[in-house]
Amino acid sequence: MNSTDIDKLVAGFPLVKKLINLETVTWFNPLATTLEQGLPYVGLTEYDVADAEARLQRFAPYLCLAFPETQKTHGIIESDIVAIPSMKETLQQRYGVEISGRLLLKKDSHLPISGSIKARGGIYEVLTHAEKLALHADLLVETDDYSKLFSDDFRQFFSQYRIAVGSTGNLGMSIGIISAKLGFRVSVHMSADAREWKKQKLREHGVNVVEYAQDYGVAVAQGRKEAESDPNCFFIDDENSQTLFLGYSVAGNRLKRQLAEQQIVVNENHPLFVYLPCGVGGGPGGVAFGLKLALGDHVHCIFAEPTHSPCMLLGVYTGLHDGISVQDIGIDNITAADGLAVGQASGFVGRAMEHLLDGFYTLSDAEMYALLGLLNRDEGIQLEPSALAGMPGPARVSMSSDYLRNQHLSAEKMHNATHLVWATGGGMVPGEEMKKYLATARI
Ligand SMILES: *Cc1c(COP(=O)(O)O)cnc(C)c1O
């Protein structure tokens, strides 16, 4: 875009000026509507989610064998929810606002196999592809015990096929690890943001890591290109994949069960707010879709992005979706939140979910680091910077009196509210790396 185009955009969409100036913003979405009215835009239904749940159940015996750390959840990749009351006090002081209701953390940071939210979508898509190949080759039927896939015969079979993906780090980790375990030959195209230890770990698993000096968009384009030249190579398309999206969506029913186990109610008088860090949008979009289906209109989903990479906010707010990138308006897409370092949002997720998302906000890298240090100090929980993006969410909502009024969220209802911050990664960060993060936090 040239400066005249940018001026025109700003004239129609004043918030863009603040994005350009890297100011933190909070924006509630005027398109947000009921589940019933919003669902048709998604193009997927509860039956698609149920299909994904059933597939993951079929693979549970395989995962138990291949990844013994999943045995305690019987081969289901799921994380805990924990209360973080001390952090709530800290947030109230830091932001100077009372946060009514309870504050919980969803620890996807500690998901088995790859230690991030990508252990949902990424692994699911590889399993879906593996199942399809094995079914077509008459090596498998759906009623089989899938632990048979953990064998030299199957590894031999899958080694005829290749998988490619572009990533800022965590998606590559998930896809690399599960693909290599099944026997696929796998290439991960890593953007400049990707941390060295993630590449190292993948190489140890026998994954072909290709490095780029450019950002996520370039890494994805190269992965796509590699796959086009080889009919036996399957490209996992983080920018458009409905399969990835469905892998994330199974979180909805599972969270519903976890809340019920803790006697936490979600209904009109007990709203649930979920704060989700957003990169390209597939992870938070899929989770939000599953949550809406499972819990209905009283779950409010809010996306969080770095001030240097507000691609989803920009796409939904202007209605341009993947037709605009943050670079188009002069933002550099350089952030310490490597999981969120995406300049152009998914074209599929923004359009599918724009009627089901309540709001969006941005925060600075310095804020993510400070929150990383504070969560470690107050709760002894260590996350990577991206995973802190949801943490200011409860304060942003609590401060937004217009939004609360419009949504008929009275003080009484807010007193019964649950705020759930989705911690998306950090469980596998090596000790030395974590020390550096904590040193940068300087709290
Ligand atoms: C990938 C990632 C996200 C966001 O997921 P998207 O699908 O890219 O929107 C958030 N946090 C972490 C740690 C991630 O790795």
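None of these values were measured; they are calculated from a predicted model. (Residues numbered from 1 in each chain as written. Predicted model: local features only at pLDDT ≥ 70, side-chain atom pairs only at ≥ 80, totals over all residues. Heavy atoms only, no water.)

A. Local environment of the UniProt feature "modified residue: N6-(pyridoxal phosphate)lysine" (unreviewed entry) in the protein. Within the UniProt annotation, "modified residue: N6-(pyridoxal phosphate)lysine" (unreviewed entry) is assigned to K118. With respect to the helices, strands and loops of the structure, K118 is situated in helix α6 (residues 118–136). For K118, a relative accessible area of 15% corresponds to the buried category. Residues within four places of K118 in sequence aside, it is in contact with I123, N170, L171, S174 and Y248. (UniProt positions renumbered as here; feature names shortened; annotations may be inferred. Helix = DSSP H or I, 4+ residues; strand = E, 2+ residues; numbered from the N terminus. Buried < 20%, exposed > 50% of the residue type's maximum accessible area, 1.4 Å probe, protein only. Contact = heavy atoms within 4.5 Å.)

B. Summary view of the packing of helix α5 (residues 85–95) against helix α16 (residues 365–379). Axis separation between α5 and α16 bottoms out at 9 Å; the angle between their running directions is 140 degrees. By the criterion of interaxial angle, the relationship of α5 to α16 is oblique. For the element pair α5 and α16, the recorded crossing hand is right-handed. Contacts between α5 and α16 involve P85, S86, M87, T90, L91, R94 and Y95 on the former and, on the latter, E367, A370, L371, L374, L375, R377, D378 and E379. (Axes fitted to C-alpha atoms, helices over the stretch in contact; angles between N-to-C directions. Parallel < 35°, antiparallel > 145°, perpendicular 65-115°, else oblique. Left-handed = near helix turned anticlockwise from the far one by under 90°.)

C. Structural context of the sheet that holds strand β6 (residues 208–211). Reading across the sheet, the 4 strands line up as β6-β5-β4-β7 and stay open at both edges, with parallel pairing between neighbours. Bordering the open sheet on either side are β6 and β7 (233–236), each of which pairs with just one other strand. Across the sheet, the mean angle separating the axes of adjacent strands is 20 degrees when strand polarity is ignored. The strands that helix α9 (residues 196–204) touches are β5 (185–190) and β6; relative to β6, the one it contacts most, it runs at about 150 degrees. (Pairing = 2+ DSSP bridges.)

D. Examining the pairing of strand β11 (residues 418–423) more closely. For β11, a buried count of 6 out of 6 residues is recorded, marking the element as mostly surrounded by other parts of the structure. Here β11 shows a buried face lined by T418, L420 and W422 and a second buried face lined by H419, V421 and A423. Relative to β11, strand β3 (residues 102–107) runs parallel, the two sharing 6 bridges. Pairing of L105 across the sheet is with V421, part of β11. As judged from the 4 bridges shared by strand β8 (residues 272–277) and β11, these two strands associate in the parallel manner.

E. Here's a closer look at helix α20 (residues 431–441). Those residues of α20 that fall on the buried side of the exposure criterion are E433, M434, Y437 and A441. Taken around the axis of α20, the buried residues stretch over an arc of 100 degrees, which confines them to a single face. Away from its buried face by more than 90 degrees, α20 exposes G431, E432, K435, K436 and A439. In this structure, the buried residues of α20 make contact with α9 and α16. Once α20 ends, the next one or two residues include R442, with phi positive near 40 degrees. (Arc of directions from axis to C-beta.)

F. Quick peek at the packing of aromatic side chains. Across all of its chains, the model carries 14 aromatic pairs by this definition. Ring centres 5.7 Å apart and planes at 80 degrees place the aromatic pair F303 and F360 in the edge-to-face group. Of the two residues, F303 sits in strand β9 (residues 299–306) while F360 sits in strand β10 (residues 359–363), which places them 57 residues apart along the sequence. You'll find F303 and F360 in the same group, each marked buried. Over the face of the ring belonging to F150 we find R155, whose NZ or CZ atom lies 5.1 Å from the ring centre. Its end group placed over the ring of F67, K181 keeps NZ or CZ at 5.1 Å from the ring centre. (Phe/Tyr/Trp six-rings, centres within 6.5 Å; stacked < 30°, edge-to-face > 60°. Lys NZ or Arg CZ within 6 Å of the ring centre and 35° of its normal.)

G. Molecular detail of the UniProt feature "domain: Tryptophan synthase beta chain-like PALP" (unreviewed entry) in the protein. Mapped onto this numbering, the UniProt entry annotates "domain: Tryptophan synthase beta chain-like PALP" (unreviewed entry) at residues 98–394. In the segment residues 98–394, helix accounts for 42% and strand for 15%; the C-alpha atoms at its two ends are 9 Å apart.

H. Expanded view of the site of the ligand. As a matter of local geometry, the ligand sits amid 16 residues, with K118, N170, G281, G283 and T424 nearest to it. G281 has a polar backbone atom sitting 2.7 Å from an oxygen atom of the ligand. G283 is positioned such that a nitrogen or oxygen atom in its backbone is 2.7 Å from an oxygen atom of the ligand. Taken by itself the ligand offers 380 Å² of open surface, and the protein chains cover 98% of this. For the shell around the ligand, the leading source of residues is helix α13 (residues 282–295), giving 3 residues. Residues of the shell around the ligand, tallied by class, amount to 5 nonpolar, 9 polar and 2 charged. (Near = heavy atom within 4 Å. Polar contact = N/O pair within 3.5 Å; in protein donor to acceptor, adjacent residues only side chain to side chain. Areas by Shrake-Rupley, 256 points an atom, 1.4 Å probe, with all protein chains shown as cover. Nonpolar A, V, L, I, M, F, W, Y, C, P; charged D, E, K, R; others polar.)

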